[in-house]
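# Chain and residue survey
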Amino acid sequence: MKRFFQGAADFIRRTDRWLVSLCMICAAISMTLLYSIYRNGFIKSSRGVLIQMVAALLGIAIALLISAIDYEVIAKFWKYHMAFAVLLVVLTFFFGIQREGADDKAWLSLGFTTIQPSEFLKISFIVTFAYHLSKVRETLNSPKNIGLLLLHAGGVAGLIVVQGDYGTALVFLFIAVTMLIVAGLSWKYLLGGVVALPAAALLVWNFLLDDLHRNRILISLNPDLDPAGIGYQQVRGRMALGSGRLFGRGLFSDNLTNVPEMQNDFIFSYIGQTLGLVGCLVVVGLLAVICIRILYVSRLSQDALGSYICIGVFAFIFFQSVINIAMVLCAAPVIGVTLPFFSSGGSSMLTMFMTVGLVLSVYSKNCRTAIFD
C-alpha cells in the first residue's frame, strides 16, 4: 500500500498541474454556461449539460491515462489509431447523421449519443504528422519529403472536405502548416506557398465552394446585407455580445438575446451578454495561458517528436479559438468551428482533453528540466 501511494505521489509530481487545472477551470465554466442556457429556456433539455459533464470527467481521466503512456509508444502505433480514426470518418459517408444547425452529415449515432469522428481524427493526425516530421527532420526540405508531407496533410484534409466540413479541414491545414514551419520549412517553400495562395483561393472559390459557402464569406464582411437570412446568426451574435457591456447581464437574467447555436459555435456571444467584457477577457485569457503553457512544454521536450506534438496541439487550440471568436465578431464566416473547452459537445470536450493528455505525456517524460513547478 505504501508503494502504491508513493507511486501516486510521484505521478502527481510528474503531471503538469498548471495545465490540468486551467483546462478543468474552462470545463467548469462551460458546464455553468450550458446550465444557464438551459435554465433560461434556450435549450429544451438538460441532456446536453449532462453529456458535457460526463465528457469532461471522462476526458480528464483519459488525459491522465494518456499522460502515463510514453508518447513515443503512441506514435509507433500510428498505423492502428490512424486507420481506426479514418474508418470512423468514412463511416459517416454511409451512416452519418446531420445534427440541427449543421450543414454536413459528420456525426455517427451510438444509440444513446452521437460522436463526431473528425474530432478524434485530429488527435491521430497530430501524432502521425509529428512522427512523420521527426523521421525526416534532417532532410525535411528535400522535394520528396515535402511532397510526402503535403500528401499526408492534404489526404486527411481532403477526406474532411469530401465529408463537407470545410471548417474542420482548415483546422487540419493550419496544424500542418504550423508544424512544418516550426520544424524548419525552407523560406523558399513558404514564399512559393504565399505566391500560389491567390490562385488556390480562386480555384476553391470557383470550383469547390457552393453558393451557400460563398454567400457566408460575403455576408461575414457585412452581415447586414442579409440580416434575416444567412447573416441572421452573426447579427444576433454581435448584438448579444455587445449587450453585456462591461460586467454582463447575469447568467440568470431575463430578456437575454437568443442566438442560434449559442450553446455550440456561438457560445462566446453568450459569454459576452451574460458576463460582459470582463467575462470575455477571462475566457480569452484562460485560452491564451493554456496555449502559452503548451508552448512551454514544447520547449521542455528533449526530442523533436515531443516538441512537434505540443506544437500541433497548440496550433489546434489557438486556431479554433481565434476563428470561433472571429465568427462572433463578424471577422470570419460561420464555418462550424467550436470554442475549445467551452462549446457544447461531448466529442469536442473529449478531444480537447485527449490532446492535452498528449502534452502531459511530453511533460511527464521531460519534467525533470521544468524550472517553475
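What you see is a predicted model, and the numbers here were worked out from it, not measured in a lab.

## Notes on the overall build of the protein chain
For the protein chain, the helix and strand inventory stands at 14 helices and 2 strands. The principal-axis extent of the C-alpha atoms belonging to the protein chain is close to 60 × 55 × 40 Å. Across the protein chain, every contact between residues at least 6 apart in sequence was considered, and the portion connecting residues at least 24 apart equals 71%. Of the roughly 18000 Å² of accessible surface on the protein chain, a fraction of 67% belongs to carbon and sulfur atoms. Of the charged side chains in the protein chain, 27 are positive and 19 negative; the average position of the first set lies 8 Å away from that of the second.

## A short note on the pattern of salt bridges
Counted according to the given criterion, the structure contains 6 salt bridges. Linking Asp211 and Arg214 is a salt bridge whose minimum nitrogen-to-oxygen distance equals 2.7 Å. Taken together, the residues Asp211 and Arg214, both in helix H10 (residues 211-221) and 3 residues apart, mark about one turn of the helix. The class for Asp211 is exposed, based on a relative accessible area of 54%. Classification of Arg214 by relative accessible area gives buried; the value is 17%. Through salt bridges with shared partners, a single ionic network connects Asp70, Glu72 and Lys365.

## Considering the confidence of the model for the protein chain
Taken over all residues, the pLDDT of the protein chain has a mean of 90, while the share at 70 or more is 94%. Residue range residues 369-373 is modelled with pLDDT below 50. Its contacts to residues more than four positions away, or to other chains, number 15 contacts.

## Describing the packing of aromatic side chains
Enumeration over the complete set of coordinates arrives at 11 aromatic pairs. Between Phe77 and Tyr80 the ring centres are 5.9 Å apart and the planes differ by 45 degrees, which places this aromatic pair in the tilted class. Measuring from ring centre to ring centre gives 5.4 Å for Phe125 and Phe172, while their planes differ by 80 degrees; the resulting arrangement is edge-to-face. Of this pair, Phe125 sits in helix H6 (residues 117-136) while Phe172 sits in helix H8 (residues 166-183), and the two are 47 residues apart along the sequence. Like Phe172, Phe125 is buried. Taken together, the ring pairs connect Phe174, Phe314, Phe318 and Phe319 into an aromatic cluster. Looking at Lys365, its charged tip hangs above the ring of Tyr71, at a distance of 5.1 Å from the centre.

## A closer look at helix H2 (residues 17-39)
End to end, H2 covers 33 Å across 23 residues, agreeing with the expected 33 Å (1.5 Å per residue, within 8%). Among the residues of H2, Leu19, Val20, Leu22, Cys23, Cys26, Ala27, Ser30, Met31, Leu33, Leu34, Ser36 and Ile37 are the ones counted as buried. Check the buried side of H2 and you find it contacts helix H3 (47-67), helix H12 (267-300) and helix H14 (346-366). Of the residues one or two after H2, Gly41 is the one with positive phi, at around 85 degrees.

## Some remarks on empty space enclosed by the protein
In the structure shown here, the tally under the stated rule is 1 cavity of 30 Å³ or more. Roughly 30 Å³ of volume is contained in the largest cavity. Every residue lining the largest cavity is listed: Val20, Ile60, Ala63, Leu64, Phe353, Val356 and Leu360. Listing elements by their share of the lining of the largest cavity, those giving two or more residues are H3 and H14. Considering only residue class, the lining of the largest cavity consists of 7 nonpolar, no polar and no charged.

## Quick word on the layout of surface pockets
Where empty space is left in the structure can be found by rolling a water-sized probe over the atoms. Each pocket or cavity is described by its volume, and for the second largest pocket that value is around 310 Å³. Together, 14 residues line the second largest pocket, and His81, Phe120, Ile123, Ser124 and Met354 are the ones closest to its centre. Secondary structure elements with two or more residues in the lining of the second largest pocket: helix H5 (78-95), H6 and H14. When grouped by side-chain class, the residues that make up the lining of the second largest pocket number 12 nonpolar, 2 polar and no charged.

## Considerations on the packing of H2 against H14
Packing of H2 against H14 brings their axes to within 11 Å, and their N-to-C directions diverge by 170 degrees. Compared by their axis directions, H2 and H14 come out roughly antiparallel. Facing H2, whose interface residues are Leu19, Val20, Cys23, Met24, Ala27 and Ser30, H14 presents Met349, Phe353, Val356, Val359 and Leu360. For the contact of H2 with H14, the per-class residue count stands at 10 nonpolar, 1 polar and no charged.

## Some remarks on the packing of helix H7 (residues 143-163) against H8
Running from N to C, H7 and H8 point in directions that differ by 165 degrees, and their axes come no closer than 8 Å. As the angle between them shows, H7 and H8 are arranged roughly antiparallel. Considering only the axes of H7 and H8, their crossing is right-handed. Side by side, H7 and H8 meet where Leu149, Ala153, Val156, Ala157, Ile160 and Val161 of the first sit next to Tyr166, Thr168, Ala169, Phe172, Leu173, Ala176 and Leu180 of the second. Looking at the contact of H7 with H8 residue by residue, the classes come out as 12 nonpolar, 1 polar and no charged.

## Details of the state of the cysteines
Applying the stated criterion to the full structure yields 0 disulfides. Distance from the sulfur of Cys23, which forms no disulfide, to the nearest cysteine sulfur (Cys26) is 6.4 Å. You can call Cys23 buried: its relative accessible area is 1%. There is no disulfide at Cys330, and the cysteine sulfur nearest it, in Cys280, is 14 Å away.

Calculation notes
Counting restarts for each chain, with residues numbered from 1 along the sequence as it is written. With pLDDT at 70 or above as the cut-off, local features in this predicted model cover only qualifying residues; side-chain atom pairs require 80 or more to be listed or tallied, and sums for whole chains, interfaces and linings still use all residues. Excluded from the side-chain calculation are hydrogens and water; included are all heavy atoms of the structure. To qualify as a helix, a DSSP run of H or I must reach at least 4 residues; to qualify as a strand, a run of E must reach at least 2; elements of each kind are numbered from the N terminus. Contacts were defined at the residue level, with two residues in contact if any of their heavy atoms lie within 4.5 Å. Note on areas: these come from Shrake-Rupley sampling with a 1.4 Å probe, and a residue is covered only by the protein chains present in the view. In this tally Asp and Glu are treated as negative and Lys and Arg as positive; neither His nor the chain ends contributes. Every charge is mapped to an atom, namely NZ of Lys, CZ of Arg, CG of Asp or CD of Glu. Throughout this description, the term salt bridge denotes a Lys or Arg side-chain nitrogen within 4 Å of a carboxyl oxygen of Asp or Glu. Accessibility here uses a 1.4 Å probe with only protein chains present; expressed as a share of the type maximum, an area under 20% marks a residue as buried, one over 50% as exposed, and anything in between as partly exposed. Every residue carries a pLDDT, the predictor's confidence in it, which falls somewhere between 0 and 100. Two rings from Phe, Tyr or Trp (for Trp, the six-membered ring) form a pair when their centres sit within 6.5 Å of each other. Planes less than 30 degrees apart are called stacked, planes more than 60 degrees apart edge-to-face, and all others tilted. Lysine and arginine charges are scored as sitting over a ring when NZ or CZ, respectively, is within 6 Å of the ring centre and within 35 degrees of the ring normal. Multiplying 1.5 Å by the helix residue count minus one yields the expected span of that helix. Using a grid of 1 Å spacing that covers the protein atoms alone, one calls a set of points a cavity when a 1.4 Å probe fits there but cannot get out, and a pocket when the set is open and has protein on both sides within 12 Å along at least five of seven lines; lining residues are those with an atom within 4 Å of a point. Grid points are joined across faces, edges and corners, and a volume is the space filled by probe spheres set on the points. Each residue is assigned to one of three groups, with Ala, Val, Leu, Ile, Met, Phe, Trp, Tyr, Cys and Pro labelled nonpolar, Asp, Glu, Lys and Arg labelled charged, and all others, Gly among them, labelled polar. The axes used here are C-alpha line fits, helices contributing only the stretch in contact, and every angle between their N-to-C directions lies in the interval 0 to 180 degrees. With respect to orientation, any angle under 35 degrees is reported as roughly parallel, any angle over 145 as roughly antiparallel, any angle of 65 to 115 as roughly perpendicular, and every other angle as oblique. Handedness of a crossing follows from how the near helix is turned relative to the far one, being left-handed for an anticlockwise turn of less than a right angle and right-handed for a clockwise one. The definition used for a disulfide is geometric: two cysteine sulfur atoms within 2.5 Å.

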